Amino acid sequence: MLPHSIAQYALAAHGRLHHVPDPDAVLAGPVGIDSRTISPGSLFACLPGTRTDGHDFAEQALANGATAVLATRETAAPAIIVPDVQNALTDLARFTAERSDALTVGITGSVGKTSAKDLLAQILRAQGPTVATEGSYNNELGLPLTVLRAETDTRFLVLEMGARGKGHIAHLASIARPRISTVLGVGSAHVGEFGSRRAIAEAKQEIIQALPADGIAVLNDDDPWVGLMAEHCTGKVIRFSRRRHTDVHATGVDCDEQGRARFTLHVDRQVAYVGLRLLGEHHVTNALAAAALAVAAGVPFDAIAEVLNTAEPQSEGRMQVTERPDHVTVVNDAFNASPESMQAALQTLAQMSRGRRSIAVLGEMAELGQRSTALHEEVGQCAATSGIDRLVAIGGPDARAMTDAAVRAGLRVAEHVATKEAALALLTDLLTAGDVVLVKGAHSLGLLAMAQTLAAPVS
């Protein structure tokens, strides 16, 4: 948080002070929403929750070091009183972004945005102080809280932006206007909410339309929907590709015996070998995006290649590999799922298992609209043709459609279970030394916890 007085932040939030003994006291810590982990000198935001109300923890936050709270009603703690806490956080983030010297980078896309963001953040941190979205906290609450972590010396601000409908990204970009933006791709994720892939593309291109006149658009040239977005950029366009010789591109793409991608990176006439530590060939696109964004930010080529070769997975539930003591390998990719990411994960499972029994545990995908059943069937067909040994599908009719399609396409063993508890019981009895098991599904199914349980050491 940029160091400003409580009075200055109250003015920015369109609030009034209550029980503040020193309005000139400086708020210097990040804004917190958990009273248990609040930082000394910070502002505690009293957000309403489904089960608890942040106002009930205002005094605890004060005892743990908060200087003041952001609230909609008076409490015993020094407070900035506002009509709506979340709207006030947006105002404070906009106030911070306008006064920060950090170079702001925006990232969106139907798949891969969190992994690309994590790669870029590691490249930029080697150049200077960097603040980046944590995990996939990319919504109307997560983005302001990320911006409010910026400090006086922050050099780069990397913001992942998600959307559930038209206008969402435009709103997020209005809080902290990026000077460099990328769209990784336009896929099927959330097509049930948007209605069509064209509508998804129109929503994603808002991040390009938000660029200033001299901004830089970084576009995936392998996706025709993304390629068309260049017409909405008045500044420079940098294209990246796995298939064409664009500004930033890859050649010689393959995977090692553990399923980690490797390729030759080309930027203009500069060339370097990259062996990613991330699991899955699909991460080549994410790495190219990160490299292109770093080029736009002025990072030297050698520094980009060096970090890509050493970068580690950062966010939970994205191709996390655990080798259990009993020699069962668990791949936790359970944070979320789309048709495209499902198929990429299945291909990775097949690549990394090679001679070992491979089991895909796939939950239903959400928000796919009228094509939901057909898209689940396509994933089932992919499971059959990818070369894996067994499929366990979790959920209702769409999960059963997945297994039925897999059997029709030739997979010998495909089972349907209704719940994650039933799947866990099945796997507990099924898994033996040498097995490789992938867990993936819609975030709403809660498979992340199941994958963590599955990855825990067996006594």
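So, here is what we can say about the structure in this document. Note that the coordinates shown come from a computational prediction; the quantities given were computed from them, not determined experimentally.

### Thoughts on the overall build of the chain
- A tally of regular secondary structure across the chain gives 17 helices and 21 strands.
- Taking 2.2 N^0.38 as the reference for a compact globule, 459 residues should give roughly 23 Å; the C-alpha atoms of the chain span a radius of gyration of 23 Å, in line with that estimate.
- Once the C-alpha set of the chain is aligned to its principal axes, its extents read approximately 70 × 55 × 40 Å.
- Burial analysis of the chain (459 residues in total) assigns 57% to the buried set.
- Looking at the chain alone, contacts between residues at least 24 apart form 63% of all its contacts between residues at least 6 apart.
- Working note: accessible area of the chain is about 18700 Å², and carbon and sulfur atoms make up 48% of it.
- Computing the positive centroid from 39 side-chain charges and the negative centroid from 50, the chain places the two 4 Å apart.

### Some details on the side chain of Asn286
- Here Asn286 lies in helix H11 (residues 283-296).
- For Asn286, a relative accessible area of 5% translates into the label buried.
- Every residue in contact with Asn286, bar those within four places of it in the chain, is listed here: Gly112, Ser115, Ala116, Leu119 and Leu184.

### Focus on the pairing of strand S11 (residues 216-220)
- S11 sits mainly inside the fold: 5 of its 5 residues count as buried.
- Covered by surrounding structure in S11 are Ile216, Val218 and Asn220 together with Ala217 and Leu219, the residues of both alternating faces.
- Across 4 bridges, strand S10 (residues 180-183) lies against S11 in parallel orientation. The residue bridging Thr182 from the neighbouring strand is Val218, located in S11.
- As judged from the 5 bridges shared by S11 and strand S12 (residues 236-241), these two strands associate in the parallel manner. Residue pairing across strands places Asn220 opposite Phe240, the latter belonging to S12.

### Considering the sheet that holds strand S18 (residues 358-363)
- Strand order in this open sheet of 6 strands is S16-S17-S21-S18-S19-S20, and the pairing throughout is mixed. Each edge of the sheet is formed by a strand with only one pairing partner; in this case those strands are strand S16 (320-323) and strand S20 (413-417). Adjacent strand axes in the sheet meet at a mean angle of 15°, parallel and antiparallel pairs treated alike.

### Here's the deal with the packing of aromatic side chains
- Taken as a whole and judged by the stated rule, the model has 1 aromatic pair.
- Relative to Phe95, the ring of Tyr9 has its centre 5.5 Å away and its plane inclined at 70°; by these criteria the two rings are edge-to-face. In this pair, Tyr9 sits in helix H1 (residues 6-12) while Phe95 sits in helix H3 (residues 85-99), placing the two residues 86 residues apart along the sequence. Like Tyr9, the residue Phe95 is buried in the burial classification.
- The lysine or arginine in question, Arg318, covers the ring of Phe335, its NZ or CZ lying 4.0 Å from the ring centre.

### Details of unusual backbone geometry
- Positive phi values are uncommon outside glycine, yet His19 reaches one of about 60°.
- With respect to the helices and strands, His19 occurs in the loop between strand S2 (16-18) and strand S3 (26-27).
- At Met319, a residue that is not glycine, the phi angle is positive and equals roughly 50°.
- A residue is classified by how much of its surface remains accessible, and Met319, at 6% relative accessible area, is buried.

### Points about the environment of Gly369
- On the secondary structure map, Gly369 appears in the loop between S18 and helix H14 (372-386).
- With a relative accessible area of 40%, Gly369 lands in the partly exposed category.
- Residues Gly369 and His168 lie 201 residues apart in sequence; the distance between their C-alpha atoms is 19 Å.

### Quick word on the sheet that holds strand S4 (residues 43-45)
- Pairing within the open sheet is mixed, and its 4 strands lie in the order S2-S6-S5-S4. Either end of the sheet is taken by a strand with one partner, and the two such strands are S2 and S4. Neighbour-to-neighbour, the strand axes of the sheet open up by a mean angle of 30°, direction not taken into account.
- Here 3 bridges tie strand S5 (residues 68-71) to strand S6 (residues 79-81), and the two strands are oriented parallel to one another. Each residue of the ladder has a partner; that of Ala71, found in S6, is Ile81.
- On the sheet, H3 packs against S4 and S5 and is oriented at approximately 120° with respect to S5.

### Some points on helix H16 (residues 420-430)
- Of all the positions in H16, only Ala423, Leu427 and Leu430 are classed as buried. One side of H16 carries all its buried residues, which in axial view fall inside an arc of 65°. Pointing more than 90 degrees away from the buried face of H16 are the exposed residues Glu421, Thr428 and Asp429.
- Buried residues in H16 make contact with S18, strand S19 (390-394), S20, strand S21 (436-440) and helix H17 (447-455).

### Section: the pairing of strand S13 (residues 248-255)
- The sheet contact formed by S12 and S13 spans 2 bridges and is parallel. Each residue of the ladder has a partner; that of Ser241, found in S13, is His249.
- Pairing geometry for S13 and strand S14 (residues 260-267), over 6 bridges, is antiparallel. Paired with Ala250 across the bridge in S14 is Leu265.
- The turn linking S13 back onto S14 is made up of 4 residues, and Gly259 within it adopts a positive phi angle of 85°.

The rules behind each value
- Residues numbered from 1 in each chain as written.
- Predicted model: local features only at pLDDT ≥ 70, side-chain atom pairs only at ≥ 80, totals over all residues.
- Heavy atoms only, no water.
- Helix = DSSP H or I, 4+ residues; strand = E, 2+ residues; numbered from the N terminus.
- Rg over C-alpha atoms; globule rule 2.2 N^0.38 Å.
- Buried < 20%, exposed > 50% of the residue type's maximum accessible area, 1.4 Å probe, protein only.
- Contact = heavy atoms within 4.5 Å.
- Areas by Shrake-Rupley, 256 points an atom, 1.4 Å probe, with all protein chains shown as cover.
- Lys, Arg positive; Asp, Glu negative; His and termini not counted.
- Charge placed at Lys NZ, Arg CZ, Asp CG, Glu CD.
- Pairing = 2+ DSSP bridges.
- Axes fitted to C-alpha atoms, helices over the stretch in contact; angles between N-to-C directions.
- Phe/Tyr/Trp six-rings, centres within 6.5 Å; stacked < 30°, edge-to-face > 60°.
- Lys NZ or Arg CZ within 6 Å of the ring centre and 35° of its normal.
- Arc of directions from axis to C-beta.

These figures capture arrangement, not role.
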